[in-house]
Amino acid sequence: MSPVPPGRAARPAVVAFDVLDTLFPLAPLEWRFREAGIPRVLMARWSDHLARDVFALALVGGGRSFEDVVRTALRDVTGHQIAPAAEDAIVDGLSELEPRREAAAALAAVRDAGLRAVVFGNTGPATALELVERAGLEGLVEGVMGGGPGRAWKPSPEAYRAAARSLGVVPGRLALVTAHGWDVAGAARAGLVTGWSAHLERRFPAVFGAPDATGADLVETVEALPGLAAP
């Protein structure tokens, strides 16, 4: 397969969907925090802390699993006062999240366009697979990929390139659909086609270069990817 000419996004052969807050919203975890007696503000702080630590691991490497980072962030933001049972309940909740209402339709749109769809997040592959199977989406997804020990973390460009290698395509024929501006930036740096759904951040972060496609939700974003729109 020939490389994509610089500066021109091609019709992708594979579309990879980010996991947390893209296909599967984190907001429903809030009730688990409430049950644990953890203030709502600490959930947002935990999410930010988690992202910070994953980004650091993407830069410096390390043999930690996503669950390790989740648990460490929970202990840090609660001053190590979280009860083991509450910690377990929140961690378990990550593999029991429900998909966005249009997730199945977005995956089906990829399939109907004759392309391959995969799931690609920083969660370990086991967690991503459990989410996909619980949601009944496995028939629309070719496979799952994730970060963790022995794997690069997003947004390191190597994470996206490794995904392309494992899928047997050049980076320019792999598209990423995500709700995170930082994810778009990492994918673009690696040479991927990028699609950003506005359902989480609403406005694309101006510090990053614009994605190749945008949409109000996952379906609109998929349909806006280069070469996927109907004539």
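Procedures and definitions
Residues numbered from 1 in each chain as written. Predicted model: local features only at pLDDT ≥ 70, side-chain atom pairs only at ≥ 80, totals over all residues. Heavy atoms only, no water. Core = buried A, V, L, I, M, F, W, Y, C linked by side-chain atoms within 4.5 Å. Buried < 20%, exposed > 50% of the residue type's maximum accessible area, 1.4 Å probe, protein only. Helix = DSSP H or I, 4+ residues; strand = E, 2+ residues; numbered from the N terminus. Contact = heavy atoms within 4.5 Å. Pairing = 2+ DSSP bridges. Right-handed = clockwise from strand over helix to strand, strands pointing away. pLDDT = per-residue confidence, 0-100.

Here we look at the nonpolar core
In step 1: Core analysis: the biggest nonpolar cluster contains 53 residues, and Phe17, Trp46 and Leu94 have the highest contact counts within it.
In step 2: Per element, the largest residue contribution to this core is 7 residues, and it comes from helix α2 (residues 40–60).
In step 3: Contact partners of Phe17, with chain neighbours within four places excluded, come to Leu23, Ala106, Leu107, Val110, Ala117, Val118, Val119, Phe120, Val177 and Val222.
In step 4: Membership of the second largest hydrophobic core comes to 17 residues, among which are Phe120, Ala159, Ala163 and Leu167.

Observations concerning the environment of Gly181
In step 1: Tracing the sequence through the fold places Gly181 in helix α8 (residues 181–189).
In step 2: Distance in space between the C-alpha atoms of Gly181 and Gly209 is 9.1 Å, their sequence separation being 28 residues.
In step 3: Excluding residues that lie within four positions of it along the chain, Gly181 makes contacts with Trp196, Glu201, Phe204, Pro205 and Phe208.

What about the pairing of strand β2 (residues 116–121)?
In step 1: Counted residue by residue, β2 has 5 buried out of 6 residues, so it is predominantly covered.
In step 2: One ladder, built from 4 bridges, connects strand β1 (residues 14–17) with β2; its direction is parallel. Residue pairing in the sheet places Val15 in a bridge with Ala117 of β2.
In step 3: As defined by bridge partners, β2 adjoins strand β3 (residues 143–146) across 4 bridges and the pair is classed as parallel. Across the sheet, the residue bridging to Val119 is Val144, located in β3.
In step 4: The parallel pair β2 and β3 is bridged by helix α6 (residues 125–134), and the resulting crossover is right-handed.

Considerations on the pairing of strand β4 (residues 174–178)
In step 1: Of all 5 residues in β4, 5 are buried, a share of seventy percent or more.
In step 2: Examined bridge by bridge, β1 and β4 share 4 bridges and lie parallel to one another. Its bridge partner lying in β4, Val14 is registered against Leu174.
In step 3: In this fold, β4 hands off to α8, which returns the chain to strand β5 (residues 193–197); that crossover is right-handed.

Looking at the confidence of the model for the protein chain
In step 1: Across the protein chain, the average pLDDT comes to 91, with 95% of residues at or above 70.
In step 2: Segment residues 1–7: pLDDT under 50, and 6 contacts once partners within four positions in sequence are set aside and those in other chains are kept.

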